[in-house]
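Chains, contacts and geometry: an overview
Below, each chain spelled out in residue letters.
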Amino acid sequence: MAFTLPPLPYSYDGLAPYISSDTLHFHHDKHHAGYFAKLNGFVEGTPFATKSLEEVVRTSTGAIFNNAAQAWNHTFYFQSMKPPSLGGGGEPTGRLRDEINKQFSNYDNFRDEFSKLAAGHFGSGWAWLTWDKNSKRVGIEQTHDAGTPLTEPAKVPLLCCDVWEHAYYLDRKNDRPAYIKGCKMFILQRGGKLSTGNSRARTSRRHANERNPNQAAAAVRDEGATQNRCRPLPKLRNVV
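Description of the structure in this document. Because the structure is a prediction, the values reported are computed rather than measured.

Some points on the packing of helix α1 (residues 21-43) against helix α3 (residues 62-79)
Axis separation between α1 and α3 bottoms out at 9 Å; the angle between their running directions is 145 degrees. Crossing angle aside, the handedness with which α1 passes α3 is left-handed. Counted together, Leu24, His27, His28, His32, Tyr35, Phe36, Lys38, Leu39, Phe42 and Val43 of α1 and Ala63, Ile64, Asn67, Ala68, Gln70, Ala71, His74, Thr75, Tyr77 and Phe78 of α3 form the full contact between these two elements. Along the lines of polarity and charge, the residues of the contact of α1 with α3 split into 12 nonpolar, seven polar and one charged.

Right under this line is the structure:
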């Protein structure tokens, strides 16, 4: 069994000019793919080899955790964006809008606070919008390196922004705020309601001789939530 890299949910030039085709090729095909390759090497012959990616993230430490979490975080990140031509961008609607307004007073305040959090993060890491199942509130938070809200049982990730330099350096050099401004053009909501259930990035595992990684991932995207190891993202629409 092997964890497989999902394809991008849009074309490599789909986020241009804010995120270039060169950056997406480098980010997805090199960095993201590299985490999957290393993870498969680390888990081979261990009990982790039969777990879902989310289960590995929640129960591992060290190198296995770092690569599993980065594989999951990047899958979630790429699925958190969508070109405006395909319905991405814009302000939130429905319950998500109501929850953001309840916590941040209005959408503009949320957008500004999320951007400041992401831009001000020291070093490599991630900025997140999450749902807290205990407090019943949305909130923003940052994690360092491979950190992820998945390790907190009460937290449900809703969207994220990658602030590792490899996400923007080819396009923006060290101008992280310019990259974050571009990302906000594409953050999306998949569906019409805020989902507060479990969140699993769409990552499949298959025997290597069954089909190639892109075919496996494409099949899982079609199968949706019917497989135990593959759940869709929370249903969001036009979040940022």
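Notes on the pairing of strand β2 (residues 125-132)
Looking along a regular strand, one sees side chains alternate from face to face of the sheet. Of all the eight residues making up β2, eight are buried; the element is thus mostly covered by neighbouring parts of the structure. Covered by surrounding structure in β2 are Gly125, Ala127, Leu129 and Trp131 together with Trp126, Trp128, Thr130 and Asp132, the residues of both alternating faces. Here eight bridges tie β2 to strand β3 (residues 137-144), and the two strands are oriented antiparallel to one another. Bridged to aspartate 132 within β3 is arginine 137.

Considering unusual backbone geometry
Alanine 16 connects to proline 17 through a cis peptide bond whose omega is 5 degrees. Relative to the elements of secondary structure, proline 17 occurs in the loop between β1 (2-3) and α1. The phi angle at lysine 136 is positive, at roughly 60 degrees, despite the residue not being glycine. Along the polypeptide, lysine 136 turns up in the loop between β2 and β3. Positive phi is not limited to glycine here, since aspartate 145 has a value of about 55 degrees. Mapped onto the elements of the fold, aspartate 145 is located in the loop between β3 and β4 (155-162).

Some details on the sheet that holds β2
Here three strands make up an open sheet; going across it, the order is β3-β2-β4 and the pairing antiparallel. The sheet terminates laterally at β3 and β4, the two strands that pair on one side only. Pairwise comparison of adjacent strand axes, ignoring direction, gives a mean angle of 25 degrees for this sheet. Lying on the sheet, α3 is in contact with β2 and β4; it crosses β4 at an angle near 80 degrees.

Observations regarding the pattern of salt bridges
Tallied over the entire structure, the rule returns eight salt bridges. The partner of arginine 111 in a salt bridge is aspartate 112, and the shortest N-O contact between them spans 3.8 Å. The exposure class of arginine 111 is partly exposed, given its relative accessible area of 27%. In this structure, glutamate 141 and lysine 155 form a salt bridge, with 3.0 Å as the shortest nitrogen-oxygen distance. In this pair, glutamate 141 is assigned in strand β3 and lysine 155 in strand β4, connecting sequence segments 14 residues apart. The buried category is assigned to glutamate 141, whose relative accessible area is 14%. Residue classification places lysine 155 among the buried residues on the basis of a relative accessible area of 17%.

Brief notes about the packing of aromatic side chains
The full count for this structure, using the stated rule, is nine aromatic pairs. Plain terms: the ring middles of tyrosine 107 and phenylalanine 110 are 6.5 Å apart, the flat faces sit at 50 degrees to each other, and that makes the pair tilted. Of this pair, tyrosine 107 and phenylalanine 110 both sit in helix α5 (residues 107-120), three residues apart, which is roughly one turn of the helix. Judged by relative accessible area, which is 9%, tyrosine 107 ranks as buried. Linked through ring pairs, Trp72, Phe76, Tyr77, Phe78, Trp126 and Trp128 together constitute an aromatic cluster.

Focus on the packing of α5 against helix α7 (residues 176-183)
Where α5 meets α7, the axes come as close as 9 Å, and the angle between the chain directions of the two elements is 140 degrees. Taken together, α5 and α7 sit at an angle that is classed as oblique. α5 and α7 meet at a crossing whose hand is right-handed. Contacts between α5 and α7 involve Ser115, Ala118, Ala119 and Gly120 on the former and, on the latter, Arg176, Pro177 and Ile180. Tallied by class, residues from the contact of α5 with α7 come to four nonpolar, two polar and one charged.

What counts, and where the lines are drawn
Residues numbered from 1 in each chain as written. Predicted model: local features only at pLDDT ≥ 70, side-chain atom pairs only at ≥ 80, totals over all residues. Heavy atoms only, no water. Axes fitted to C-alpha atoms, helices over the stretch in contact; angles between N-to-C directions. Helix = DSSP H or I, 4+ residues; strand = E, 2+ residues; numbered from the N terminus. Left-handed = near helix turned anticlockwise from the far one by under 90°. Contact = heavy atoms within 4.5 Å. Nonpolar A, V, L, I, M, F, W, Y, C, P; charged D, E, K, R; others polar. Buried < 20%, exposed > 50% of the residue type's maximum accessible area, 1.4 Å probe, protein only. Pairing = 2+ DSSP bridges. Salt bridge = Lys/Arg side-chain N within 4 Å of Asp/Glu carboxyl O. Phe/Tyr/Trp six-rings, centres within 6.5 Å; stacked < 30°, edge-to-face > 60°. Parallel < 35°, antiparallel > 145°, perpendicular 65-115°, else oblique.

Remember, this is a structural readout, not a statement about activity or role.
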